[in-house]
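Here is what each chain is made of, one letter per residue.
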Amino acid sequence: MSAEELLRVEGLSARYGKVAALGATSLSVTAGSIVTVIGANGAGKSTLLNAIMGALPSSGQALGSVRYAGQDVSTWPVERRVGAGMSLVPEKRELFATMSVEDNLLLGGFRRYRAREAGWRGTLTEVYELFPRLRERRAQQAGTLSGGERQMLAVGRALMARPRLLMLDEPSLGLAPRIVREIFHIIAQLRQSGVAILLVEQNARAALQVADQGYVLETGEVVLAGPAHELADNPRVVESYLGLGGAKEN
């Protein structure tokens, strides 16, 4: 593993009972880069992230290896992976709807608080600088936020843990085009902070515009991989993912 490589996934497969959801998949993410996995609904993208995070549902099981920051974390529980700097923002966002915006954010930093990490609360200021709208709504219940604001809160809460690797599952799902552009602008900003991002997206056009590297997942298998700008020009990707549907999404 090279010095710059933060995540390496080798031959990772996943099953739910007898159903194969992910074939032997391999990918890598270097520190400070954005890597996207694009594919149609049902291609196995969310399963891939959950398998990397060790968060498959109880009926699921994963085979293969996940190496993070030079260590084999394949058998580590979710909490230990989070403690090492891995963070996943799930598609459903999973916010505490009746709690305030600020309390949701503070919960994201609870592990650091429990470890008595100096300055952990200062990250709240950084999150508010990244998402000024969250500062404006910090006393508001999370359940009353718009879809875009809920996505910002989910990302902000994950950042409170100071991850080195941030995995985002369909961050544009259900959002208006203007909000999608705003979310992806923020994702690009996160790269500058040194956080590596593994981005799973159905909106291939937006994902490939912001990413450094890309993988195309079809029916649980990686069928194409390479620099994002090359994938954006690949005829197969253009025909399947960047046609009229992609234009409408943006």
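The structure we're discussing is the one just above.
In what follows, the accompanying structure is described. No experiment lies behind these values; they were computed from the predicted model shown.

As for the overall build of the protein
- Counting secondary structure elements, the protein contains 12 helices and 10 strands.
- For the protein, whose C-alpha radius of gyration is 18 Å, the value lies close to the compact-globule estimate of 18 Å for 250 residues.
- Projected onto its principal axes, the C-alpha positions of the protein cover 45 × 40 × 35 Å.
- Total accessible area on the protein is roughly 11800 Å²; 50% of this is exposed by carbon and sulfur atoms.
- Positive and negative side-chain charges in the protein, numbering 28 and 25 respectively, have mean positions lying 5 Å apart.

So, empty space enclosed by the protein
- Applying the stated criterion across every chain, the model contains 1 cavity of 30 Å³ or more.
- Of the voids in this model, the largest cavity is the one considered here, and its volume is about 40 Å³.
- Around the largest cavity, the lining residues are Phe131, Gln151, Met152, Val155, Leu168, Ile183, Ile186, Ile187 and Leu190.
- In terms of residues, the lining of the largest cavity owes the most to one element, helix H8 (residues 177–192), which gives 4 residues.

Overview of the pairing of strand S4 (residues 60–68)
- With 8 bridges connecting them, strand S1 (residues 5–16) and S4 associate as antiparallel partners. Looking at S4, one finds that arginine 15 is bridged to glutamine 61.
- For S4 and strand S5 (residues 71–72), the ladder comprises 2 bridges, and the chain directions are antiparallel. When the bridges of S5 are listed, arginine 67 appears paired with aspartate 72.

Focus on the environment of alanine 97
- Note on placement: alanine 97 falls in the loop between strand S6 (86–89) and helix H3 (101–108).
- Here the alpha-carbon distance between alanine 97 and glycine 143, two residues 46 residues apart in the chain, equals 4.0 Å.
- When residues no more than four places from it in sequence are discounted, the contact partners of alanine 97 are Gln141, Ala142 and Gly143.

Thoughts on the sheet that holds S1
- With antiparallel pairing, the 4 strands of this open sheet are ordered in space as S2-S1-S4-S5. For this open sheet the edge positions go to strand S2 (19–30) and S5, each flanked by a neighbour on one side alone.
- Of the pairings in the sheet, the one linking S1 to S2 comprises 8 bridges and is antiparallel in character. For arginine 15, the partnering residue across the bridge sits in S2 and is alanine 20.
- On the sheet, helix H1 (residues 45–53) packs against S1, S2 and S4 and is oriented at approximately 115° with respect to S1.

What to know about the packing of H3 against helix H7 (residues 147–159)
- Two elements in contact, H3 and H7, have axes separated by 7 Å at closest approach and are oriented at 35°. The two elements H3 and H7 meet at a crossing, and its hand is right-handed. Contacts between H3 and H7 pair Val101, Asn104, Leu105 and Gly108 from the former with Leu153, Gly156 and Arg157 from the latter.
- By residue class, the composition of the contact of H3 with H7 is 3 nonpolar, 3 polar and 1 charged.

Here's the deal with the environment of glutamate 136
- Tracing the sequence through the fold places glutamate 136 in helix H6 (residues 132–136).
- For glutamate 136, the side chain forms a polar contact with the side chain of arginine 137, separated by 3.2 Å.

Observations regarding the packing of H3 against helix H5 (residues 122–130)
- Orientation of H3 relative to H5, taken along the N-to-C sense of each, is 125°, at an axis distance of 10 Å. Relative to H5, the element H3 lies oblique. The hand of the H3/H5 crossing is right-handed. Contacts between H3 and H5 involve Glu102, Leu105 and Leu106 on the former and, on the latter, Leu124, Val127 and Tyr128.
- Taken together, the residues of the contact of H3 with H5 sort by class into 5 nonpolar, no polar and 1 charged.

Let's talk about the side chain of threonine 25
- Note on placement: threonine 25 falls in strand S2.
- For threonine 25, the residues in contact, after removing those within four places along its chain, are Val9, Glu10, Gly11, Leu12, Leu48, Leu217, Gly220 and Val222.

Structural notes on the pattern of salt bridges
- All chains considered together, the criterion is met by 10 salt bridges.
- With its nearest N and O atoms 3.0 Å apart, the salt bridge here joins arginine 8 to glutamate 10.
- Judged by its relative accessible area of 27%, arginine 8 is partly exposed.
- Classification of glutamate 10 as partly exposed rests on a relative accessible area of 36%.
- One salt bridge in this structure joins arginine 137 and glutamate 136, with 3.2 Å as the shortest N-O distance.
- On the basis of relative accessibility, which here comes to 25%, the residue arginine 137 falls in the partly exposed class.

The rules behind these values
- Residues numbered from 1 in each chain as written.
- Predicted model: local features only at pLDDT ≥ 70, side-chain atom pairs only at ≥ 80, totals over all residues.
- Heavy atoms only, no water.
- Helix = DSSP H or I, 4+ residues; strand = E, 2+ residues; numbered from the N terminus.
- Rg over C-alpha atoms; globule rule 2.2 N^0.38 Å.
- Areas by Shrake-Rupley, 256 points an atom, 1.4 Å probe, with all protein chains shown as cover.
- Lys, Arg positive; Asp, Glu negative; His and termini not counted.
- Charge placed at Lys NZ, Arg CZ, Asp CG, Glu CD.
- 1 Å grid on protein atoms, 1.4 Å probe; cavity = no way out; pocket = protein on both sides within 12 Å on 5 of 7 lines; lining within 4 Å.
- Points joined across faces, edges and corners; volume = space filled by probe spheres on them.
- Pairing = 2+ DSSP bridges.
- Contact = heavy atoms within 4.5 Å.
- Axes fitted to C-alpha atoms, helices over the stretch in contact; angles between N-to-C directions.
- Left-handed = near helix turned anticlockwise from the far one by under 90°.
- Nonpolar A, V, L, I, M, F, W, Y, C, P; charged D, E, K, R; others polar.
- Polar contact = N/O pair within 3.5 Å; in protein donor to acceptor, adjacent residues only side chain to side chain.
- Parallel < 35°, antiparallel > 145°, perpendicular 65-115°, else oblique.
- Salt bridge = Lys/Arg side-chain N within 4 Å of Asp/Glu carboxyl O.
- Buried < 20%, exposed > 50% of the residue type's maximum accessible area, 1.4 Å probe, protein only.

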